[in-house]
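# Overview (structure and organization)
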Amino acid sequence: MGSGEKNAGAASTRAATAAGPAACTAAASGPAATAAAAPAGPAGRAGVGVDVGSTATKVAVVDAYGELVYTALMPTGYSSVDAAARARECLEAAGFSPDRSGVRVVATGYGRVAVPFADKVVTEITCHGRGAARLFGGQGTVVDVGGQDTKVIRLRGGRVIKFVMNDKCAAGTGRFLEVMADRLGVGHDELSELARAGEPIKISSMCTVFAESEVISLVGRGEPRESIARGVVESVVGRVATLAGSAGGAAPYFLTGGLCDNAYVVERLSATLGAPVTTCPEARYAGAIGAALAALDLG
Amino acid sequence: MSDALADTVAADAATAAAATAAAPAAELPRTFEEFNEQRRQSFLKVKDFKQAGGRLVGYLCSYTPLEVIDAAGASAVGLCGTSDEVIPAAEEVLPANLCPLIKSTYGFAYSQKCPFTHFSDLIVGETTCDGKKKMYELLGELKPTHILHLPQGRSRAHEREGWYQEVLGLKEALERTYGIQITDDDLREAARLRNRLRRATLALFELQRSEPPAMSGVELMSTMFAGTFNFDVRAYVESLERLYEERCAAPAAGAPAAKRILITGCPVGGVIGKVGATIERNGGVVVCEDDCGGERTNRFMVDEDAPDILRAIADRYLKINCSVMTPNDDRFAATREMIEKYHVDGVIECVLTACHTFNVEAVRMERAVEEAGVPYMKVETDYSSGDLGQLETRIAAFIETL
């Protein structure tokens, strides 16, 4: 879980309950920080990506050379319009106002149409594919576990050649983990720590609502919390692996989205897929980074 | 007339009157809205048609041998449900986890909201998929229903013979219903007219081969779907032929840069607005509708000059490539032909929720399309608006990858 703390954006969001400029943090790690000082920084051309997801809104900025210079993350909350407005405040505070000449904006995510300052709207499939290609290379399979859906995207030569989505039910999504963590009375991260210590119990219900009832019966039966947590993680991982199989996914696998700092999930996913799964703290921003690169193309 | 039906007709009368004032000529619908409007108007006409002694036979599938109905001097009207309006009513009887087309069709009969169903003298169905054939047993409690036993394949001689006997049985049932004799001459004349209709339909489809295509796919789909509720085949053929002439003279109206999409799979009449319009709003244009109302069905002609005309009619219908048949390899071959013919950039397979035959056959369709080097995506949807957001994302993303 240590990698997550290094990500200033993610950490600040957890601290900020009322999202606002407090959530605006420049990426403080890796090549992004060095690039921020490059001549093509705030004064030059920049591509801005705004990824309004169901749970979190992610912002990424790339400079004229396509280097990542800024990221921010905030809860989307009830209104994607408000989330977009907060994203704008962050951008202005960081010197990347969408009104500035040379700054182009692409919006993506389920709330993509709610971003009034976007020059273009691109779907999250294309953006995640492009962002992942940037972070991990253009050959492989991207697994994005999002708040409301899970996507598996196959990349070849940096282009999306095939994708499948689980967008009809919450099985295998971040939402499933959230609901079950709540039911077990633990936080998101605690859930995986608990799971690590447990023996797997099979949770057979795919439907989140039914699975919650199943968890309640397991709790009632006195099963250890650790084992139920393990069952929950295995359920999500199994569902994601099936989806990857139906897309004809092949190694290497890259994990993007909100679970990228969850080392235990990464470990279990890799074991279930029988192949290494690579991720990095910036992978949370893959959609926004892809959108920012697409924005740069707009010239 | 039931109260529910009276209400529908009364409410529709007001809208129809307003529409007639604006557009007096009975033209073919060009938009999905016009299509809906015309359907409402024909709801009103059907009552007059019946009162004037008209014969009306409802059908539910492209396997229905329409020439036999035409030859009985009856008008054939499609009763496939395409709206989710009556699905809650249908679910009072039918299980929820069933194809929306089946639920909607039954729902219209059960709630008495469809005048076509209400005024049909007879409803003709076939033993196609499991959901339909069992629903017909329940539909039979509400309306006189005649079921043709459709074989599950066409490669064995007894299957062809059995189907011929079923078509003969339909002819006899109609003769009994109306107290008439259907002659070979009646059948041959009907076959000639239906073939002319098929040729006119194909000619219109083929206009989409041009780049950019002649028109938006939603327009073409709406126009074609109107054929299922036209009482007068000859007048409908003539209007299609006129439309073809007009279209040939008019400049291409399809978006030039749009990606050329072929839609295959289940009947798409109920999702023209949902899937078709979403494709065309997101940088695509439907150049080929490869469902049972499309080219793959319309290109089969009846041998008008065959010595045994009834057998020729039966043979023609058995060629239709629906996923209820096994094996059904000709469907993949036809789709691959269409991909080349219409210069298709991507194939979207539309599966209606719980349609097992198309959903399973999609595995082989995906292979067939991808072997041809063309991207493929399957979407599973129904008539509700619940998945509009997800559908938009999938379709837009697919078009972005092309």
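Just so it is clear, the model here is predicted, and its values are computed rather than measured. (Residues numbered from 1 in each chain as written. Chains lettered and ligands numbered in written order. Predicted model: local features only at pLDDT ≥ 70, side-chain atom pairs only at ≥ 80, totals over all residues. Heavy atoms only, no water.)

## Some details on the overall build of chain B
- Helix and strand counts for chain B come out as 17 helices and 8 strands.
- Expected size for 402 residues packed as a compact globule is a radius of gyration near 21 Å; at 20 Å, chain B falls within 12% of this value.
- In terms of overall dimensions, chain B has C-alpha extents of about 60 × 55 × 50 Å along its principal axes.
- For chain B, with 402 residues in total, the buried portion stands at 56%.
- Restricting to contacts in chain B with at least 6 residues of sequence separation, those with at least 24 account for 73%.
- For chain B, the exposed surface amounts to about 16100 Å²; the carbon and sulfur share of it is 51%.
- Across chain B, the 44 positively charged side chains and the 61 negatively charged ones have centroids separated by 2 Å. (Helix = DSSP H or I, 4+ residues; strand = E, 2+ residues; numbered from the N terminus. Rg over C-alpha atoms; globule rule 2.2 N^0.38 Å. Buried < 20%, exposed > 50% of the residue type's maximum accessible area, 1.4 Å probe, protein only. Contact = heavy atoms within 4.5 Å. Areas by Shrake-Rupley, 256 points an atom, 1.4 Å probe, with all protein chains shown as cover. Lys, Arg positive; Asp, Glu negative; His and termini not counted. Charge placed at Lys NZ, Arg CZ, Asp CG, Glu CD.)

## Structural notes on the overall build of chain A
- Along its length, chain A carries 11 helices and 10 strands.
- Going through the 299 residues of chain A one by one, you find that 56% of them count as buried.
- When contacts within chain A are restricted to residue pairs at least 6 apart in sequence, those whose partners lie at least 24 apart make up 65%.

## Considerations on the pairing of strand β3 (residues 68–75) of chain A
All names here are of chain A.
- Most of β3 is tucked away: 7 of the 8 residues are buried.
- Across 7 bridges, strand β2 (residues 56–63) lies against β3 in antiparallel orientation. Within β3, the position partnered with Val 61 by the bridge is Tyr 70.
- The antiparallel pairing of β2 with β3 creates a hairpin that spans 4 residues between the two strands, and Gly 66 there sits at a positive phi of about 80°. (Pairing = 2+ DSSP bridges.)

## Overview of the sheet that holds β2(A)
Residues and elements named next belong to chain A.
- An order of β3-β2-β1-β4-β5 is seen for the 5 strands of this open sheet, with the pairing classed as mixed. Among the strands making up the open sheet, the edge pair consists of β3 and β5 (120–121).
- Bridging between strand β1 (residues 46–52) and β2 involves 7 bridges; their strand directions are antiparallel. Within β2, the residue paired with Gly 47 across the bridge is Val 62.
- Across the face of the sheet, helix α4 (residues 80–93) comes into contact with β1, β2 and β3 while running at roughly 145° to β3. (Axes fitted to C-alpha atoms, helices over the stretch in contact; angles between N-to-C directions.)

## Quick look at the pattern of salt bridges
- All told, the structure shown has 43 salt bridges over all chains when counted by the stated rule.
- Of the charged contacts in the structure, one is a salt bridge between A:Arg130 and A:Asp297, with a shortest N-O distance of 2.8 Å. Remark: A:Asp297 occurs in helix α11 (residues 286–297) and A:Arg130 occurs in helix α5 (residues 124–136); sequence separation between them is 167 residues.
- Measuring nitrogen to oxygen at the nearest pair gives 3.0 Å for the salt bridge that ties B:Arg299 to B:Glu337. Of this pair, B:Arg299 sits in the loop between α13 (295–298) and α14 (309–318) while B:Glu337 is found in helix α15 (residues 329–341), placing the two residues 38 residues apart along the sequence.
- For B:Arg299, a relative accessible area of 29% gives the class partly exposed.
- Through salt bridges with shared partners, one network takes in A:Arg88, A:Glu92 and A:Asp99. (Salt bridge = Lys/Arg side-chain N within 4 Å of Asp/Glu carboxyl O.)

## As for the sheet that holds strand β4 (residues 145–148) of chain B
Residue and element names in this part refer to chain B.
- The strand order across the open sheet formed by 4 strands is β2-β1-β3-β4, and the pairing between neighbours is parallel. A single partner strand is all that each edge strand has here, and the edge strands are β2 (74–78) and β4. Pairwise comparison of adjacent strand axes, ignoring direction, gives a mean angle of 25° for this sheet.
- Pairing of strand β3 (residues 122–126) with β4 involves 4 bridges; the strand directions are parallel. Bridging from a neighbouring strand, Glu 126 pairs with Leu 148 of β4.

## Some words on the environment of B:Glu392
- Locating B:Glu392 in the fold gives a position in helix α17 (residues 388–401).
- By relative accessible area, which is 23% here, B:Glu392 ends up partly exposed.
- Taking the C-alpha atoms as reference, B:Glu392 lies 9.0 Å from B:Lys274; in sequence the two are 118 residues apart.
- What B:Glu392 contacts, discounting residues up to four positions off in sequence, is A:Arg112, B:Thr278, B:Arg281 and B:Asn282.

## Concerning the interface of chain B and chain A
- With 17 residues of chain B in contact, the opposing surface of chain A contributes 14 residues.
- In total, chain B and chain A occlude about 1200 Å² of area from one another, counting both sides; carbon and sulfur atoms represent 47% of this.
- The three residues of chain B that bury the most area against chain A are B:Thr393, B:Arg394 and B:Glu400, which together make up 43% of that side's buried surface.
- Connecting chain B to chain A are 2 salt bridges.
- Of the charged contacts, one joins B:Glu370 and A:Lys162 as a salt bridge, the two residues approaching to 2.6 Å between their closest N and O atoms.
- Top element by residues in the side of chain B that touches chain A is α17(B). It accounts for 9 residues.
- Per-class residue counts for the side of chain B that touches chain A are 6 nonpolar, 4 polar and 7 charged. (Buried area = accessible area lost by both parts, 1.4 Å probe. Nonpolar A, V, L, I, M, F, W, Y, C, P; charged D, E, K, R; others polar.)

## Quick word on α17(B)
- Here α17(B) is 14 residues long and its end C-alpha atoms lie 20 Å apart, about the 20 Å a rise of 1.5 Å per residue gives.
- Listing the buried residues of α17(B) in full gives B:Leu391, B:Thr393, B:Arg394, B:Ile395, B:Ala396, B:Ala397, B:Phe398, B:Ile399 and B:Thr401. (Expected span 1.5 Å × (residues − 1).)

## Focus on unusual backbone geometry
- Here the bond from A:Ala251 into A:Pro252 is cis, since omega is -5°, no more than 30 degrees from zero.
- Examined against the element boundaries, A:Pro252 turns out to sit in the loop between α9 (225–246) and β9 (253–257).
- A cis amide bond links B:Thr326 with the next residue in sequence, B:Pro327, at an omega value of -10°.
- Along the chain, B:Pro327 falls in the loop between α14 and α15.
- Phi at B:Ala354 takes a positive value of approximately 70°, unusual for a residue other than glycine.
- Position of B:Ala354 relative to the elements: it lies in the loop between β7 (346–352) and α16 (356–371).

## Description of the packing of aromatic side chains
- If you walk through the whole model with that rule in mind, you get 5 aromatic pairs over all chains.
- Note on A:Tyr70 and A:Phe96: the rings are 6.0 Å apart at their centroids and 40° apart in plane angle, and the pair reads as tilted. Here A:Phe96 lies in the loop between α4 and β4 (103–108) and A:Tyr70 lies in strand β3, a separation of 26 residues in the sequence. As far as burial versus exposure is concerned, A:Tyr70 and A:Phe96 are alike and both buried.
- The interplanar angle of 35° and the centroid separation of 4.9 Å between the aromatic rings of B:Phe49 and B:Phe231 together place this pair among those described as tilted. Remark: B:Phe231 occurs in the loop between α10 (217–225) and α11 (233–249) and B:Phe49 occurs in helix α2 (residues 32–51); sequence separation between them is 182 residues.
- B:Phe49 gets classed as partly exposed once you look at its relative accessible area, which sits at 22%.
- Judged by its relative accessible area of 17%, B:Phe231 falls in the buried class. (Phe/Tyr/Trp six-rings, centres within 6.5 Å; stacked < 30°, edge-to-face > 60°.)

## Remarks on the confidence of the model for chain A
Residues and elements named next belong to chain A.
- Here chain A averages 84 in pLDDT, and 86% of its residues register 70 or above.
- Contacts from residues 1–23, a stretch scored under 50 in pLDDT, to residues over four places away or in other chains number 40 contacts.
- A low-confidence stretch, residues 25–42 (pLDDT under 50), is modelled with 35 contacts involving residues beyond four sequence positions or located in other chains. (pLDDT = per-residue confidence, 0-100.)

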